[in-house]
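Topology and contacts: notes
Here is how the chains run, residue by residue.
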Amino acid sequence: MAHALQDLLFLKRTRPLVAAVALVAGALAIVGCAVAQDASAQAPAQAQAQPRPPEWPADLFGSLPEPPTDAPPPAVLDPENPDHWKLQQPKDAFSALPADARGRPDWMRALREGLIQPRASVRGGDAAPQVLELDILMKNTAQMPYVKFPHGAHTEWLACTNCHDTLFVPKAGANPTTMPKILAGESCGTCHAKVAFTAMFTCERCHSVPQPGQQRWW
């Protein structure tokens, strides 16, 4: 009987404490849920407020048609021809020409120094080339410097019909040019990498104009 009375008194005394603890626990749970919901609601807003970096495409510069190589090109002369020795070897013909940074003939420097004198026509004569001093600035170069195409450097020894309209339509935006095309021998690659300087490892020869606010790359 005495133990029963003690248990009853203990329950009466501890019941308010248990109730208070339960109320505090419930309040904390409610506050925690509210904080979590508020944080989750602010997260998208903060994400929208922060500027996102540009999402460049995976093939920003396209894909190379073949692995880049610096191997020597195929022989210009046919060694199987019994009379090939009568012809001047390319290394002998180029020996008097200035070399560029890669050891290849620098044709424009040779032209400027008067070491070569291209004819205006295959028929010869005294006709002078029709030089066009017009630079075209190509800005669709992603984060690379802009490309400046100098008509003057080309028309000093090439007639307009060499490129127009077979290779390039003389209209702005009508000639999308990409590195894969050039390296595959199309577009500018029709001459570059064959006779003119190669487009591989000589980016500075074409990408020569920094974009606004961009430091010089080369």
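One can find the structure itself at the top, above this paragraph.
First things first, this report covers the structure right here in the doc. (Residues numbered from 1 in each chain as written. Predicted model: local features only at pLDDT ≥ 70, side-chain atom pairs only at ≥ 80, totals over all residues. Heavy atoms only, no water.)

1. Let's talk about the packing of aromatic side chains
The geometry of an aromatic ring pair is captured by the separation of the ring centres together with the interplanar angle, meaning the angle of the planes. Note the threshold: Only centres within 6.5 Å qualify two rings of Phe, Tyr or Trp (six-membered ring in Trp) as a pair; their planes then separate them into stacked at under 30 degrees, edge-to-face at over 60, and tilted for everything else. In this description a helix means any DSSP run of H or I spanning at least four residues, a strand means any run of E spanning at least two, and both kinds are numbered starting from the N terminus. Residue burial is assigned from relative accessible area. The probe radius is 1.4 Å, only protein chains are included, and a residue is buried under 20% of its type maximum, exposed over 50%, and partly exposed in between. Counting as a charge over the ring demands two things of the Lys NZ or Arg CZ atom: a distance within 6 Å of the ring centre and an angle within 35 degrees of the ring normal.
Taken as a whole and judged by the stated rule, the model has 2 aromatic pairs. Measuring from centroid to centroid gives 5.7 Å for Phe-94 and Trp-107, while their planes differ by 90°, and the two rings are edge-to-face. Linking Phe-94 in helix α2 (residues 90-94) with Trp-107 in helix α3 (residues 107-112), this pair joins segments that are 13 residues apart in sequence. For Phe-94, a relative accessible area of 36% gives the class partly exposed. Its relative accessible area of 23% is what places Trp-107 among the partly exposed residues. Where Trp-217 meets Trp-218, the ring centres are 5.7 Å apart and the plane angle is 55°; that geometry is what we call tilted. Trp-217 sits in the partly exposed class, given a relative accessible area of 42%. Its guanidinium or amino end placed over the ring of Phe-197, Arg-205 lies 4.0 Å from that ring's centre, counting from NZ or CZ.

2. As for unusual backbone geometry
The step from His-164 to Asp-165 runs through a cis peptide bond, and the omega angle for that step is 5°. Structurally, the position occupied by Asp-165 is in the loop between α4 (151-155) and α5 (179-183). Even without glycine at this site, Ser-187 takes up a positive phi of about 55°. Its place among the elements puts Ser-187 in the segment after α5. A positive phi is found at Phe-201, a non-glycine position, where the angle reads about 70°. Residue placement: Phe-201 occurs in the segment after α5.

3. Considerations on the side chain of Thr-141
Our working definition: By the criterion applied in these results, polar contacts are pairs of N or O atoms within 3.5 Å in which, for protein atoms, one can donate a hydrogen and the other can accept it, and in which residues neighboring in sequence qualify only through two side-chain atoms. Two residues qualify as a contact provided that any one of their heavy atoms is within 4.5 Å of a heavy atom in the partner residue.
Note that Thr-141 resides in the loop between β1 (135-138) and β2 (147-150). Owing to a relative accessible area of 10%, Thr-141 belongs among the buried residues under this scheme. At 2.9 Å, the side chain of Thr-141 forms a polar contact with the backbone oxygen of Met-144. Reaching out from Thr-141, the side chain makes a polar contact with the backbone oxygen of Pro-145 at a distance of 3.4 Å. For Thr-141, the contacting residues outside a window of four places in its chain are Tyr-146, Val-147, His-207 and Gln-211.

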